[in-house]
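Observations on the three-dimensional arrangement
Residues per chain are reported as follows:
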Amino acid sequence: MQGKVCVITGATSGIGLVAAERLAGMGARLLLVARDKARGEAAFAQIQAHAPATAMRIVHGDLSLLAEMNRLGAEIAALEPRIDVLINNAGAMFAERGVTADGLERTFAVNHMAYFVLTNRLKPSLVAASQARIVNTASAAHHRATGLDFDDLQSQRDYRYFTVYGRSKLANILFTRELARRLAGSGVTANCLHPGFVATRFGNNNRGFFRLGIGIAKLFAISPEKGAETIVYLASSPAVATVSGGYFAERRPARLSQAAQDDAASRRLWDESARIAKLPA
C-alpha cells in the first residue's frame, strides 16, 4: 500500500477510523471525508499520532445531500486525479423517518445514494490508477430485506427502521454487483462486506429508548479493531486483487440472500439511482 491513495468516508470513528489507521501504517496516503469538522480534526490527529509519516488530507461535507455528494466528488477528483482505493463506509440508522432537502428518506440518502454518487464522480480517478479497488460497507442485515420496493424507495408507506436499514444494506450489495459488472475490464474491482455488529458510534444520532437499546446491544458487540479487518483485507490483500462483485465477512466470501442475487434488481436500482442523482444511467 506504500504511496497508494485511499479515499475513505465514515473515517472519523469506529471501523472507518481503525481502517484508516491500519492503511496509514501500511504506507497509504489518505483522503478522509468527514461531516463534522471537530471529529474530522480529531481523527486526523489520531491517525497522525499512530503513523506520523502519513500523507493525509481531509475534506468536509454532508453526504446526505445530493449537492454535497457532487461537490465532494468534484473536489476529491481535483485533489486526486489517481485513486487506488475508495472505501464507502459512512452510514446511519434512524429510529424515525425523515427526509433530506432533496426529498430523499435519510437512510436511503446516506447509506446508498452517497455510495452511488461519490463512486460515479470518482470513477475517472479510479480508472486512472492501476488495479484500483472499491470497498463498500454493507451488512448481514440485508437478509432482513425480502427485496426493494421500487414503487416506494423512500419508505413513505411503511417505515420500520430496521427493515429500512436492511433494505439500504441490500442496496449496497446490489449496487456493488452491478458496479462490478460495469467495471469489468477497466482494472477496477468492487466488493462489499459485512463487518459484524461492532461497538461504535452507530445509532448514537438517535434518542430515547432506541439509543438506550442500541447501547445495551453494543455490550455484546465486537471491537472496531475486529470489525475493520475485512475492510483492510479487501483494500489491500493480494489475495483479492482480481476478485470483483463479491460479498465478504471475516475476510471470506459470505452467504448472500436470494434478494441480493437479483441481477434485474441491481440494474433497476442503478437506473433509479442515476435518475435521482441526474447522472447518466
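As the structure is a prediction and not an experimental result, all values here were calculated from the model.

1. Observations regarding the sheet that holds strand E6 (residues 189-194)
- Strand order across the open sheet formed by eight strands is E3-E2-E1-E4-E5-E6-E7-E8, with mixed pairing between neighbours. Two strands in the sheet have a free side with no partner beyond their single neighbour: strand E3 (56-60) and strand E8 (252-253).
- Summarising the sheet, strand E7 (residues 247-249) and E8 pair through two bridges and their orientation is antiparallel. Each bridged residue has a counterpart across the sheet, and for Ala249 the counterpart in E8 is Arg252.
- Packed onto the sheet, helix H3 (residues 66-79) meets strand E1 (5-9), strand E2 (29-34) and E3 and runs at close to 160° relative to E3.

2. Some points on the nonpolar core
- Membership of the largest hydrophobic core comes to 54 residues, with the highest contact counts inside it found for Ile76 and Met113.
- Among the secondary structure elements, those contributing two or more residues to this core are E1, E2, H3, helix H4 (106-128), helix H5 (161-183), E6 and helix H9 (263-277).
- Examining the composition of this core, we find that ten residues originate from one element, H4, more than from any other.
- Those residues within four positions of Ile76 in sequence are excluded, and the remaining contacts are Val7, Leu31, Val33, Val59, Ile83, Leu118 and Leu122.

3. Observations regarding H3
- Here H3 spans 20 Å end to end across 14 residues, near enough to the 20 Å set by a 1.5 Å rise per residue.
- Within H3, burial applies to Leu66, Met69, Asn70, Leu72, Gly73 and Ile76. Seen end-on, H3 carries its buried residues on one side only, within an arc spanning 165°. Relative to its buried face, H3 has exposed residues pointing more than 90 degrees away, namely Ala67 and Ala78.
- In this structure, the buried residues of H3 make contact with E1, E2, E3, H4 and H9.

Basis of the calculations
- Residues numbered from 1 in each chain as written.
- Predicted model: local features only at pLDDT ≥ 70, side-chain atom pairs only at ≥ 80, totals over all residues.
- Heavy atoms only, no water.
- Pairing = 2+ DSSP bridges.
- Helix = DSSP H or I, 4+ residues; strand = E, 2+ residues; numbered from the N terminus.
- Contact = heavy atoms within 4.5 Å.
- Axes fitted to C-alpha atoms, helices over the stretch in contact; angles between N-to-C directions.
- Core = buried A, V, L, I, M, F, W, Y, C linked by side-chain atoms within 4.5 Å.
- Buried < 20%, exposed > 50% of the residue type's maximum accessible area, 1.4 Å probe, protein only.
- Expected span 1.5 Å × (residues − 1).
- Arc of directions from axis to C-beta.

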